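A closer look at the structure
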Amino acid sequence: MELIQHTPDLSAYLAADEAIDHDHPVVRETAARLAEGVADSYAYARAAYEFVRDTIPHSQDAGDLRVTWRASDVLRLRTGVCHAKAHALAALLRAEDIPTALCYQRLTHDEEIGGHVVHGLVAVRFNGAWHRQDPRGNKPGVDAQFSLAGERLAFPVDPQANEVDYPVLYAEPHPVVLSALRAAPDRPWLWKALPTAL
């Protein structure tokens, strides 16, 4: 699949915004801590990815009812759904001048809700190309890894089940996703409000 920049200007994928607030002290301090002792940008990107994937539980997996969406809150409260964790990883990467995009998949929703749901991940730019990464967090049956040599995502799509890899790379969170996150009083409400397609 060819990934397509929504915004031609690469600098947009380094910008701070309300959700990817990499100018926030919590994001800056976390980035500085992760950058200590790493050899290069690639090693930092891997460290940031593994930090978000492994130390911030996916709120559904953890049974956490709180909804976060701003990167600094995800890092401070140590919880978030896939979209929130993608915002946190994007902020940490952009804090160290690594162009990072938000991207999405349409996946089958959990058994409780049924239907489909939009899943959030990121793409990082190295060596002139974009590489998708999924920091949602591993669990039995999910083994996502940081990789520039072939995707190691949490969920490969199943076209037979009407699942979709969306090729567009966004500099900011998709408005319908961000709107659902911001409106949600808790995760069970969010689970029913997340978009089913983009």
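Everything discussed here concerns the structure shown above.
Quick look at the structure, then. (Residues numbered from 1 in each chain as written. Predicted model: local features only at pLDDT ≥ 70, side-chain atom pairs only at ≥ 80, totals over all residues. Heavy atoms only, no water.)

Observations concerning the pairing of strand β3 (residues 116-126)
Moving residue by residue along a regular strand, the side chains alternate between the two faces of the sheet. For β3, the buried fraction is high: ten of the eleven residues fall into the buried class. By the bridge criterion, nine bridges tie strand β2 (residues 100-108) to β3 in an arrangement that is antiparallel. Residue pairing in the sheet places Ala101 in a bridge with Ala123 of β3. Bridge count for β3 against strand β4 (residues 129-133) is five bridges, and the pairing is antiparallel. When the sheet's bridge partners are listed, Phe126 is paired in β4 with Ala129. Hairpin connection between β3 and β4: a loop of two residues separates the two successive antiparallel strands, and Asn127 in this loop has a positive phi of roughly 55°. (Buried < 20%, exposed > 50% of the residue type's maximum accessible area, 1.4 Å probe, protein only. Helix = DSSP H or I, 4+ residues; strand = E, 2+ residues; numbered from the N terminus. Pairing = 2+ DSSP bridges.)

Looking at the nonpolar core
In terms of nonpolar packing, the biggest core is built from 48 residues, with Tyr44, Leu92 and Leu93 touching the most fellow members. It is helix α5 (residues 82-95) that contributes the most residues to this core, nine residues altogether. Core analysis: the second largest hydrophobic core is formed by eleven residues, Ala101, Leu121, Trp130 and Ala171 among them. (Core = buried A, V, L, I, M, F, W, Y, C linked by side-chain atoms within 4.5 Å.)

Considerations on helix α2 (residues 41-55)
At 3.6 residues per turn, the α-helix brings residues three or four places apart onto the same side. A rise of 1.5 Å per residue sets the reference length of α2, with its 15 residues, at 21 Å; its end C-alpha atoms lie 20 Å apart and thus fit the reference within 8%. Those residues of α2 not exposed but buried are Tyr44, Ala45, Ala48, Tyr49, Phe51, Val52 and Arg53. The inward-facing, buried residues of α2 abut α1 (25-35), α4 (71-77), α5, β3 and β4. (Expected span 1.5 Å × (residues − 1). Contact = heavy atoms within 4.5 Å.)

Observations regarding the side chain of Arg106
With respect to the helices, strands and loops of the structure, Arg106 is situated in strand β2. Buried Arg106, no salt bridge; nearest opposite-charge side chain is Glu163, N-O distance 8.5 Å. A distance of 2.7 Å separates a polar atom in the side chain of Arg106 from the backbone oxygen of Asn162. A distance of 2.8 Å separates a polar side-chain atom of Arg106 from the backbone oxygen of Thr196. Leaving out residues up to four positions away in the same chain, Arg106 has contacts with His116, Val117, Asn162, Glu163, Val164, Tyr166, Thr196 and Ala197. (Lys, Arg positive; Asp, Glu negative; His and termini not counted. Salt bridge = Lys/Arg side-chain N within 4 Å of Asp/Glu carboxyl O. Polar contact = N/O pair within 3.5 Å; in protein donor to acceptor, adjacent residues only side chain to side chain.)

Describing the sheet that holds β2
Hydrogen bonds between backbone atoms are what pair the strands of a sheet, whose relative direction is either parallel or antiparallel. What the four strands build is an open sheet, ordered β4-β3-β2-β5; its pairing is antiparallel. A strand with exactly one partner marks an edge of an open sheet, and here the two such strands are β4 and β5 (164-165).

Comments concerning α5
The terminal C-alpha atoms of α5 lie 20 Å apart, and with 14 residues this matches the ideal 20 Å at 1.5 Å per residue to within 8%. By the criterion of burial, α5 is predominantly enclosed, with 14 of the 14 residues buried. Asp97 sits one or two positions beyond α5 and adopts a positive phi of about 60°.

A short note on the packing of aromatic side chains
Tallying each qualifying case throughout the model produces five aromatic pairs. Measuring from centroid to centroid gives 6.2 Å for Tyr42 and Phe126, while their planes differ by 75°, and the two rings are edge-to-face. A residue pair is termed long-range when its members are at least 10 positions apart, and Tyr42 in helix α2 and Phe126 in strand β3 qualify at 84 residues. Under the relative-accessibility criterion, Tyr42 is labelled partly exposed at 31%. (Phe/Tyr/Trp six-rings, centres within 6.5 Å; stacked < 30°, edge-to-face > 60°.)

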